[in-house]
Amino acid sequence: MKTSILGIYEDEDVLMHAIDKLQASNIKVADVYSPFPLHGIWSRLKLNTKLPYATFIYGAVGAVVIFIMLYWMSVVSYPLKFGGKPLNTLSFIIIMFVGTIFIGTLFTFLTYLFREKMYPGKQVVLPDPRSVEDKFVIVIANADEMNEQESKHVMKMLKETGATEIKESTVNLHV
Amino acid sequence: MYNTRVRGILIKGNKTYSDVSRDVLRPLDEPTPIWWWVTAGLAIIAMAWGSWAFYNTISTGIGIWGLNNNVGWGFEIINFVWWIGIGHAGTAFSIFLLILRQKWRTSINRAAEAMTIFAVMAAGLFPLLHMGRIWDGFFIFPYWNTRGPLWDNFNSPLFWDVVAISTYFMASALFWYMGMIPDFATIRESTASKIKKKIYGAMSFGWIGNAKSWLRFETAALLLGGMAAPLVVSVHSIVSMDFSVSVVPGWHTTIFPPYFVIGAIFSGFGMVLTLMIILRKLYSFKDYVTDGHLDAITRILTFISLIMATAYMTELFTAWYSGSEYELFTFLNNRVTGEYTFAYWTMITCNAIIPQLFWFKKIRKNITIVFIISIFINIGMWFERYVIVVTSLSKDFLPATWASYSPTIIEVAAFVGTIGLFVFGVLAFFRWLPTIAISEVKGVLKETTTLKSFTDEN
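Residues numbered from 1 in each chain as written. Chains lettered and ligands numbered in written order. Predicted model: local features only at pLDDT ≥ 70, side-chain atom pairs only at ≥ 80, totals over all residues.

### Examining the overall build of chain A
Then step 1. Across its full length, chain A carries five helices and four strands.
Then step 2. Mapped in sequence order, the helices and strands of chain A form the string β-α-β-α-α-α-β-α-β.
Then step 3. Compactness check: chain A gives a C-alpha radius of gyration of 25 Å against a globular reference of 16 Å for 175 residues, more than 25% above the reference.
Then step 4. Dimensions of chain A, computed from C-alpha atoms along their principal axes, come out at roughly 85 × 30 × 25 Å. (Helix = DSSP H or I, 4+ residues; strand = E, 2+ residues; numbered from the N terminus. Rg over C-alpha atoms; globule rule 2.2 N^0.38 Å.)

Below is the structure:
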């Protein structure tokens, strides 16, 4: 079973400095758990997401699909004149606009859940449950592959950078 | 960077992160208070009365309403537009203030979004009822049928309305729910009750809150918000087109879309003010929804009220300047003077004049008066829709068909029923869900409140 070392911090700014110092001394920070989003962390851990591209594709495909639907229904399938207006009208834009948002929103949300592997009723065990309350948790992975000297060094560094508590955990979620 | 020297402290009482969750979640653990039962009882009575009206309307037909050949839209459309307007606050709060980087929104957005959901639910009932033959309601969907197949008229604003409102409801509901996921996880990990742990655990979708999930969460929230923002503008524009694409005097104007959107945001913020004053009183959230928060809302209302006044004057000016006799007649003889004078001047007084009292700091600081003015705004916005719907229809081009309109008891009951639905929904939200966005407040807490170098008090 894989073991990680957890460093628990009380303050977000102390945590940020801690990540910098740990990385400077070649200790890999595998993950950070926090009660709210910390915007400085993503660049430090080199994380990014492609979700906006997905949304753009959903929106673009949605707009096209809706236009094809409107065009086919009003012009091809049953060309019925309303008030002498052209069959293929500019007012399609309203349904296309709203429909694009509908498809974009719904599928962005579903993609988010899919990528996060989240679903109703999913059970999880957190490395330290206080991380959704008021603690910030740094995870140093693969502690069992370290020799004693290395793990002592990691613990010492965590302590030095302001961790109020250091412990080991066998919970591995996204690591 | 938020500067507390300029803007004051956002969250009072030197809260720590765990204080925030404890304070917000406290009402969920306490026994249900008496006021909750009393209000819920009243709301259920109102809903029962409303159901009676719905039953009568569906079983007999909309002929039992006070509508006539001329005034074919009455209470139902007034109330529909009124509720949709109120339903604009949540998204306006969450999105517009997010874009404007207004950090004070974090204490209020959750409740405003909840209000949106229930207001849109209440609004949606009226078009359904107005169909008359509600069992044929599925005709509105473009489905493969045996009559051709005959599709919808995609040029009809009434169809646009259906699409816009269902999209708005879905987008707001997703945005609202998504924002609550991290807070559900907080409840899951902190509650002592096993049942609560199970229920909120299931609702938290297995949230873990690591760096990557926060990144995806923030990105998805921004995307959903970014897409919902144009929806705020488009939904009420489309509602206004129900009126403005017709040729009825008083409706057939190009000012309608912006006029409706700004009116919707005005009534939405008015209702948010009403609700937040009640919420902070009942749950003693004065540290979170501070006088400063209410002050910010009143300032926005003052500004929007000025825009409303401009819109009213523009309508009058255009009626005169257009040279259209019908337009001028509607405004001068059927609104400013005439049968509906009371409704018109109530609208002007409540929306354009009374909110101007917010210019005075003394009035902004007196929460009782602020509360009363917020009620006046809600009433004024109802009368605005009354003026628009009824006055234009009652006296149109043909004097022989002029008719007056007054609602029957059934229509009043249906309206009261939707108020019951709204109040009950809000009560359920107060009772079982985190009323303040815990993770968002925690996110701005340090920067806006406890950072020593920026505070005056320390």
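### Notes on the sheet that holds strand S2 (residues 31-33) of chain A
All names here are of chain A.
Then step 1. Taken together, four strands build an open sheet; the order of strands is S2-S3-S1-S4 and the sheet is antiparallel. Strands with a single pairing partner mark the edges of an open sheet, and in this sheet they are S2 and strand S4 (165-169). The sheet shows a mean angle of 25° between the axes of neighbouring strands, taken without regard to direction.
Then step 2. On top of the sheet, helix H1 (residues 12-24) reaches strand S1 (4-9) and strand S3 (136-140); it is set at about 15° to S3, its chief contact.
Then step 3. Against the sheet, helix H5 (residues 148-160) touches S1, S3 and S4, its axis set at about 10° to S1. (Pairing = 2+ DSSP bridges. Axes fitted to C-alpha atoms, helices over the stretch in contact; angles between N-to-C directions. Contact = placed C-beta atoms within 7 Å.)

### Regarding the domain arrangement of chain A
As a measure of interface size, the accessible area lost when the parts come together is often cited.
Then step 1. One can read the domain layout of chain A as domain 1 (4-47 + 125-169) and domain 2 (51-115).
Then step 2. For domain 1 of chain A versus domain 2 of chain A, the separation of C-alpha centres amounts to 46 Å. (Domains from an automatic or database assignment.)

### Side note on the packing of helix H7 (residues 157-190) of chain B against helix H8 (residues 194-203) of chain B
Residue and element names in this part refer to chain B.
Then step 1. The N-to-C vectors of H7 and H8 enclose an angle of 155°; their axes lie 8 Å apart at closest approach. Between H7 and H8, the interaxial angle falls into the category roughly antiparallel. The interaxial crossing formed by H7 with H8 has left-handed handedness. Side by side, H7 and H8 meet where Phe 184, Ile 187 and Arg 188 of the first sit next to Lys 196, Lys 197, Tyr 200, Gly 201 and Met 203 of the second. (Parallel < 35°, antiparallel > 145°, perpendicular 65-115°, else oblique. Left-handed = near helix turned anticlockwise from the far one by under 90°.)

### Let's talk about the nonpolar core
Then step 1. Ranked by internal contacts, the top residues of the largest apolar core, which has 170 residues, are Ile138(A), Ile84(B), Met115(B), Phe269(B) and Val272(B).
Then step 2. Those residues in contact with Phe269(B), other than ones at most four positions away along the chain, are Ala89(B), Ile297(B), Ile300(B), Leu301(B) and Ile304(B). (Core = buried A, V, L, I, M, F, W, Y, C linked by C-beta atoms within 7 Å. Buried ≥ 20, exposed ≤ 12 C-beta atoms within 10 Å, placed from the backbone.)

### Concerning helix H12 (residues 325-336) of chain B
Residues and elements named next belong to chain B.
Then step 1. If you check which residues of H12 are buried, you get Glu 327, Thr 330, Phe 331, Asn 334 and Arg 335. Down the axis of H12, the sector holding all buried residues measures 125°, keeping them to one side.
Then step 2. Immediately downstream of H12, the backbone of Gly 338 shows phi near 100°, a positive value. (Arc of directions from axis to C-beta.)

### So, the environment of Asp396(B)
Residue and element names in this part refer to chain B.
Then step 1. Mapped onto the elements of the fold, Asp 396 is located in the loop between helix H15 (367-394) and helix H16 (409-432).
Then step 2. Judged by C-beta crowding, with 20 C-beta atoms within 10 Å, Asp 396 ranks as buried.
Then step 3. Along the primary structure Asp 396 and Thr 346 are separated by 50 residues, whereas in three dimensions their C-alpha atoms are 23 Å apart.
Then step 4. Apart from the residues within four sequence positions on either side, Asp 396 is in contact with Asn 70, Val 248 and Pro 249.

### Quick word on the interface of chain B and chain A
Then step 1. Across the contact, 54 residues belong to chain B and 57 residues belong to chain A.
Then step 2. Within the residue set of the side of chain B that touches chain A, elements represented by two or more residues are helix H2 (17-29), H7, H8, helix H9 (211-244) and helix H17 (438-450) of chain B.
Then step 3. In terms of residue count, H9(B) provides more of the side of chain B that touches chain A than any other element does, 17 residues in total.
Then step 4. Considering only residue class, the side of chain B that touches chain A consists of 30 nonpolar, 18 polar and six charged. (Nonpolar A, V, L, I, M, F, W, Y, C, P; charged D, E, K, R; others polar.)

### Here we look at the packing of H9(B) against helix H10 (residues 256-282) of chain B
Residue and element names in this part refer to chain B.
Then step 1. Closest axis-to-axis distance for the H9/H10 pair is 8 Å, and the angle between their directions is 125°. Relative to H10, the element H9 is oriented oblique. Along this stretch, H9 crosses H10, giving a crossing that reads as right-handed. Here H9 contributes Val 233, His 236, Ser 237, Val 239, Ser 240, Met 241, Phe 243 and Ser 244 to the contact with H10, which in turn contributes Phe 256, Pro 257, Phe 260, Val 261 and Ala 264.

### Side note on helix H3 (residues 51-77) of chain A
Residues and elements named next belong to chain A.
Then step 1. Look at H3: 36 Å from first C-alpha to last across 27 residues, which is about the 39 Å you get at 1.5 Å a residue.
Then step 2. Taken as a whole, H3 carries its principal kink of about 25° at Tyr 71.
Then step 3. Considered for burial, the residues of H3 that qualify are Leu 51, Ala 54, Thr 55, Tyr 58, Gly 59, Gly 62, Ile 66, Leu 70 and Ser 74. (Expected span 1.5 Å × (residues − 1). Bend = angle between axes of the 7 residues up to and from the residue.)

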